[in-house]
Amino acid sequence: VRQEYPFTKSAHITFLGNQKVKVDFDFYSPEFLVKLWEKKFGVWGNNNAEELNPSRSLGKTGFVIDTPWYLSGTSSLSGFFYEVDFTRYKNNLQEAFPKMKRFVYLAWSQNFVVFEENKMIFLFKEELEHQLQKFARLKGYYSGYNALTTVDLGSLTQDKVIVGG
């Protein structure tokens with residue numbers, strides 16, 4: 001079972017009598033979930049990904065990464081994190097955006113979007129720390145920050161911040 005499902009924690013076999021057994025499995029929770037339209041995939045630390053039944057508990061726990069509509073026909077995560085390794089950013093993003101409601105990975109690109117406090121915040125995979133510093137300065141010093149709805153920290157240029165309201 002562990003060979004086929006490496007996220008299996010343990011299996012408990014109970015003899016019920018009369019040639020019947022009951023098998024209970026415990027699983028490690030995924031580090032995060034990827035939502036591809038109607039499907040959900042669990043992703044574990046070793047980049048092992050498995051489609052999960054959304055009605056089961058493993059499909060309901062963890063941080064969810066949304067994907068754009070153009071992935072609606074995708075049936076697997078093969079090559080999904082080719083450009084951006086989410087686990088590399090996870091802690092930085094949760095610290096920088098404690099009220100993050102959504103995280104959308106623009107699959108097969110180098111960009112991703114964080115949704116926080118009615119704002120879309122675009123980020124680029126490189127120099128994330130620099131982008132987060134720019135965001136902290138913008139949030140702390142720009143008087144019109146609260147009215148912004150869009151903040152682009154690096155998807156177009158690392159030198160500038162592009163904002164919209």
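What you see is a predicted model, and the numbers here were worked out from it, not measured in a lab. (Residues numbered from 1 in each chain as written. Predicted model: local features only at pLDDT ≥ 70, side-chain atom pairs only at ≥ 80, totals over all residues. Heavy atoms only, no water.)

Trainee: When you look at a nonpolar patch on the surface in this model, what are you seeing that I'm missing?
Mentor: A surface patch of nonpolar side chains, amounting to about 800 Å² of accessible area, comprises Val1, Tyr5, Ile13, Phe15, Val21, Val23, Phe25 and Phe27. Elements represented by at least two residues in the nonpolar patch include exactly strand S1 (8–17) and strand S2 (20–27). In terms of residue count, S2 provides more of the nonpolar patch than any other element does, four residues in total. With respect to the element layout, phenylalanine 15 can be found in strand S1. In this structure phenylalanine 15 comes out as exposed when scored by relative accessible area, which is 63%. (Patch = residues over 30% accessible without salt bridge, like charges linked within 9 Å, V, L, I, M, F, W, Y side chains within 5 Å. Areas by Shrake-Rupley, 256 points an atom, 1.4 Å probe, with all protein chains shown as cover. Salt bridge = Lys/Arg side-chain N within 4 Å of Asp/Glu carboxyl O. Helix = DSSP H or I, 4+ residues; strand = E, 2+ residues; numbered from the N terminus. Buried < 20%, exposed > 50% of the residue type's maximum accessible area, 1.4 Å probe, protein only.)

Trainee: Please clarify how the sheet that holds strand S4 (residues 39–43) should be interpreted in this entry.
Mentor: Across a sheet, paired strands are connected by hydrogen bonds in the backbone, their directions being either parallel or antiparallel. Across the sheet, nine strands lie side by side as S5-S4-S3-S6-S7-S8-S9-S10-S11; this open sheet has mixed pairing. In this open sheet, the two strands that pair with only one neighbour each are strand S5 (49–52) and strand S11 (162–164). If you compare each strand with its neighbour and ignore which way they point, the axes differ by 25° on average. The pairing of strand S10 (residues 150–152) with S11 spans three bridges and is antiparallel. (Pairing = 2+ DSSP bridges. Axes fitted to C-alpha atoms, helices over the stretch in contact; angles between N-to-C directions.)

Trainee: When you look at the nonpolar core in this model, what are you seeing that I'm missing?
Mentor: The nonpolar side chains of soluble globular proteins are, as a tendency, buried together. With 26 residues, the main nonpolar core has Leu93, Phe97, Phe103, Val114 and Leu123 as its most contacted residues. Secondary-structure elements contributing two or more residues to this core are strand S3 (32–36), S4, strand S6 (63–66), strand S7 (100–105), strand S8 (111–116), strand S9 (119–124) and helix H2 (128–141). No other element matches H2, which puts four residues into this core. (Core = buried A, V, L, I, M, F, W, Y, C linked by side-chain atoms within 4.5 Å.)

Trainee: I tried to follow the pattern of salt bridges on my own but got confused; where do I start?
Mentor: Proximity of charged atoms lets side chains of opposite charge pair with each other. As enumerated under the stated definition, the model contains three salt bridges in all. One salt bridge in this structure joins lysine 22 and aspartate 24, with 3.6 Å as the shortest N-O distance. Residue classification places lysine 22 among the partly exposed positions, given a relative accessible area of 39%. With a relative accessible area of 36%, aspartate 24 lands in the partly exposed category. Put simply, glutamate 117 and lysine 99 hold a salt bridge, and the shortest N to O gap is 3.2 Å. Taken as a pair, glutamate 117 in the loop between S8 and S9 and lysine 99 in the loop between helix H1 (86–96) and S7 lie far apart in primary sequence, 18 residues in all. Glutamate 117 sits in the partly exposed class, given a relative accessible area of 29%.

Trainee: Help me out: how do you make sense of the side chain of aspartate 152 in this one?
Mentor: Tracing the backbone through its elements, the reader meets aspartate 152 in strand S10. Buried charge aspartate 152 goes without a salt bridge, the closest partner of opposite sign being lysine 134 at 7.3 Å. Apart from the residues within four sequence positions on either side, aspartate 152 is in contact with Phe122, Lys160, Val161 and Ile162. (Lys, Arg positive; Asp, Glu negative; His and termini not counted. Contact = heavy atoms within 4.5 Å.)

Trainee: Got a minute to help me understand the pairing of S7 in this structure?
Mentor: Where a strand is regular, its side chains alternate between the two sheet faces. Strand direction decides the pairing type here: S6 and S7, joined by two bridges, are parallel. Residue pairing for S7: isoleucine 65 is matched across the bridge by phenylalanine 103. The sheet contact formed by S7 and S8 spans five bridges and is antiparallel. Considered in S8, the bridge of methionine 100 is made with glutamate 116.

Trainee: Please clarify how unusual backbone geometry should be interpreted in this entry.
Mentor: With the exception of glycine, most residues fall at negative phi, and the peptide bonds are largely trans. Located in the positive-phi region is asparagine 18, a residue other than glycine, with phi close to 55°. Although it is not a glycine, asparagine 118 adopts a positive phi angle of roughly 60°. As for its placement among the helices and strands, asparagine 118 is situated in the loop between S8 and S9. Overall, asparagine 118 belongs to the exposed group, its relative accessible area being 73%.

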